Each structure stands twice: as structure tokens, then as C-alpha cells.
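Geometric and topological summary
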Amino acid sequence: MKAFMDNEFLLSNEMGSRLFHEYAENCPIIDYHNHLSVKDIFERRRYENLTEVWLQADHYKWRCMRACGVPESHVTGDAPDFEKFLAFAKVMPRLVGSPVYHWAHLELQRYFGIDTPLTEATAPAIWNKTAEMLESEGFDAVSLLEKMQVKVICTTDDPADDLFYHRKIAAESGLSFAVLPSFRPDRFLNIDNAAQFEKALTQLSARYGRIESFEGLCDALKKSLDYFADAGCRVTDHGFLRFRYASCGNAAAIFKKATAKELLTTEEIAVYQGALLRFLGKEYAQRNMVMQLHLGPIRNNSPKLFASFGADAGGDSIGEATNPFQLSAFLADLERDDAMPRTILYNLNPADSAMLSTLAVDYAADGAKVQYGAAWWFHDHIRGIRAQIDQLLETGAIASSVGMLTDSRSFTSFVRHEYYRRILCDKLGALVEAGEYPADLDTLGTIVEDICWKNAASYFGFKL
């Protein structure tokens, strides 16, 4: 029986252990998609306790607490901080096999040097020790990132954002890592969400002039992209509940219909989204920006939870599979116009895995230009990460992968890179153990370093 989450956690063979400890363990981190607060980074936010660090914005932990019967008052409600932490500690032993269980203990180990399993009994001592440490130097938001050798952070930002804190950081902070914005135009693509669309147009108009037509929207988004590029943006991101795409139709007329608050058909939505996506894709390619497509969630399922907390409360789930014909048509149209940006495809519905992995290779010319992305959200666990790695091994080329990201709002979530790296090294080591690959430590070590950070640095154009 192996020791609990020791130095060989998730490493089951000698080659995997060597790959991790000699090549992966100390690699820098490029986290090219997350939801961290730029304000917290600039202000070097300090935390009073583990509830502030762990439970204020982590919907992964919230879901586990709800699943174990914790009342909402102790999840997102107004219960005192220690009571919320104690409620989480009580359910921890029940989270056997959960990635949250592994992440929380990796966070205790890496950030606080605590190897003790978190339970109801150990909670008070862990609470007191971490609170004392959080009061000392080296535990503000910036220091927490530096502890994990983070070198690049790409946050998630709306086109109407003034990027105030990004610009403050660039001008004043002197940080040891880059904090860059990501362009996320979801609100302008989701034309069927009338209230959100109207608000988005109003906010973008306030920055770039009144928007009264589809052409005017494109012009404003173009100005926003220039503004983002000037602030160092290299990455764009798009989240789709349903990916709808049509290559022909009158987007201008559909825009007018939507702004008049008339109902749109599914075909009209596909025409509008198709036109805007083609425009954006071409603009990204011109600016050498990477386009990320996150496909297949259902968001805010619980009306009660949405009413009490709002979006990102942990009330989301896996949605429908993506239409491969529409997705391929979009990529084909960009390629046909010689306007394909580097693109990463992520799926939430597991039925999309093989489709996206094989589709990516179809458009991967010019240096793995289109990639099948990291195991995302409900797949960010041992089985899901192994499945994503297997998919790349079997239908792509894992050596070209840009690796892992956190997609997180937590400043202690960066142990997830270690989690991924351990699983990756163990898998490659297992291939050697099974006689499926030679015991070529140098070649495999180079591949591991490439996946951990070097491929991402090259793909996104980051200079470390």
C-alpha cells in the first residue's frame, strides 16, 4: 500500500517517476486560460483564512459541499468563515476519488507544508496554522503565484472592459510574471439572449461609439481588439452552449431584428453567429491571436441558485454534443480565406472527444495550428486527463500539445498543473514499462518539458 499523497503520488512506475522529478516538477507555468481577479493581483490581496482562499469563489468545492448535503448558508451564504470551512472539512473524507480531495491536499502541502489529511477533527489546527501563515510575508495573491513558478497569466475579459488593472500592472507592478488579458466576446455572439445582448451593446457603445448596425458592431469589436492587442493580449476565448454556424445569410438584417427585440429562428442565430465568427476569426489571424472554443456546457440550471447568487455558482452541467459538420464548416471557411488563427478546441460532452481530436489534425498544418485542448471542467480529474492524453496519443501527437491550464478563480489552484504533469509522466512511463516505447529518457524528457511549458510559450508567442 502506497503512502497517502506522498512524493510518488500518481506515479506508478520508475520511468514515470524520473520523468516527473527530473523534467516536469520544476517547470514554469504558463496558465493561458483562467478567471483570476486582476484587481487582486495588482493590489496584492491578502487573505485572512482558508475560507477566503478556498471557498469564496471555487464552484468545484461548492458542488461537493452541496452533494454532501451542506446547506447553502454554509456554501455561498452568510455563515461565518470558520463554520463554512468546518462544513467543507466535514465532507472532505467523503470525497473519496474526487479531484477536489486531491487538489485541496496538494494545496495544503505545496502552499502551507501541511501533510495531515483534512477532516472535522484536524480542521481547527489546520485553520489556525494556515491563518497564522497567511498573516506573514509571502502569502499575498502575487506571492501565491510566484510559489508555483507562474510566468504567464491570461485572464478572461469582456470586449467592453477598459483593462484598467491590466494597464496598471504593466505600468507599475514590476511583477516576475506577465498578466495579460484575453478577449471573450460571448455576449456579442449570444444574440438570442436579448437582455444580455442589449446590455453588451450599450457598454461597448459607451467605449467605442454608438452601435446601430452589424457593421457598426464589427467596427467596435475591431477597435476593442486593437485596444486589447496594445495591452498584450495573445489569447481569445469563446464559450458555446450550442455551436451554431451557417455560412450564408443576411447578418445585418438579423442584427436589426434582434435589436428590435423580435424573436429569432435557430437558422437566423446560426447565420448571425457564423458571420460574426468569420469576422472575428480573420481579425484574430491578422493580430496573431489564438482562438479558443469551449464547447458543450449547460449553464445556470437551477433557477433558485441563479436567483440567490447569480452566474458561476456551480449550477452548470454537461450539455449536448457539438455538431461536427457546422464546426468543420467554420474552420474550413477560415482556411479557404487563408484566415485561420491558431485554434484550441475544448469539449465538455465526452462524446465530442474523438471528433475534436481528429478534427484538429485535419486543420493542424503550419505547426499544429489547430489543437485538441486540455481536459476541461468536468473532465479535470484523473480519468478525464488520462482520456484526453490517450486521445492525443492515439489520434493526434501529444508531443505538440500546449498542455494544461487551470480555468480557475482561485489563487491556489495552480497545483492542478502538477496534477496533470504527474498523470502525464505516469502514462508515458507506463508505455515504456509495457515495451511500447524505448526507455529513451532524453527524448521523453524533452517531450515532457515541451508539453509542460515550451510548446505553450512558442504557440502563444510568450518569451520567458
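Look above for the structure.
A brief report on the enclosed structure follows. (Residues numbered from 1 in each chain as written. Predicted model: local features only at pLDDT ≥ 70, side-chain atom pairs only at ≥ 80, totals over all residues. Heavy atoms only, no water.)

**So, the packing of aromatic side chains**
Under the criterion given, the structure shown has 27 aromatic pairs. Positioned above the aromatic ring of Tyr459, the side-chain terminus of Arg342 is 5.5 Å from the ring centre. The positively charged end of Arg416 is found above the aromatic ring belonging to Tyr60, 4.7 Å away from the centroid. (Phe/Tyr/Trp six-rings, centres within 6.5 Å; stacked < 30°, edge-to-face > 60°. Lys NZ or Arg CZ within 6 Å of the ring centre and 35° of its normal.)

**What about the side chain of Asn349?**
Among the secondary structure elements, Asn349 is positioned in the loop between β9 (343–347) and α17 (353–362). In this structure the side chain of Asn349 is engaged in a polar contact, spanning 2.8 Å, whose partner is the backbone oxygen of Gly319. The contact partners of Asn349, leaving out residues within four places of it in the chain, are Leu295, Gly296, Ile318, Gly319, Glu320, Ala321 and His379. (Helix = DSSP H or I, 4+ residues; strand = E, 2+ residues; numbered from the N terminus. Polar contact = N/O pair within 3.5 Å; in protein donor to acceptor, adjacent residues only side chain to side chain. Contact = heavy atoms within 4.5 Å.)

**With respect to the nonpolar core**
Generally speaking, a soluble globular protein has its nonpolar side chains buried in company with each other. Judged by nonpolar contacts, the single largest core of 162 residues is most densely connected at Tyr32, Trp54, Phe88, Leu118, Leu217, Leu276 and Phe460. For this core, the element with the highest residue contribution is helix α21 (residues 441–460), accounting for eleven residues. If near-sequence neighbours (up to four positions away) are discounted, Phe88 is found in contact with Trp54, Leu55, Lys61, Met65, Val100, Ala104 and Leu118. (Core = buried A, V, L, I, M, F, W, Y, C linked by side-chain atoms within 4.5 Å. Buried < 20%, exposed > 50% of the residue type's maximum accessible area, 1.4 Å probe, protein only.)

**Topic: the sheet that holds strand β3 (residues 178–180)**
Strand order across the open sheet formed by three strands is β1-β2-β3, with parallel pairing between neighbours. Only two strands of the sheet have a single partner each, and these edge strands are β1 (29–31) and β3. The mean angle between the axes of side-by-side strands here comes to 5°, regardless of whether they run parallel or antiparallel. Relative to strand β2 (residues 150–154), β1 is paired through three bridges, and the arrangement is parallel. In the strand pairing of β2, Ile30 is matched with Val152. (Pairing = 2+ DSSP bridges. Axes fitted to C-alpha atoms, helices over the stretch in contact; angles between N-to-C directions.)

**Observations concerning the environment of Val271**
For Val271, the location among the structural elements is in helix α14 (residues 266–286). As a C-alpha pair, Val271 and Cys248 span 23 residues in sequence and 6.4 Å in three-dimensional space. With residues near it in sequence (within four places) discarded, Val271 still touches Ala246, Cys248, Gly249, Asn250, Ala251 and Ile254.

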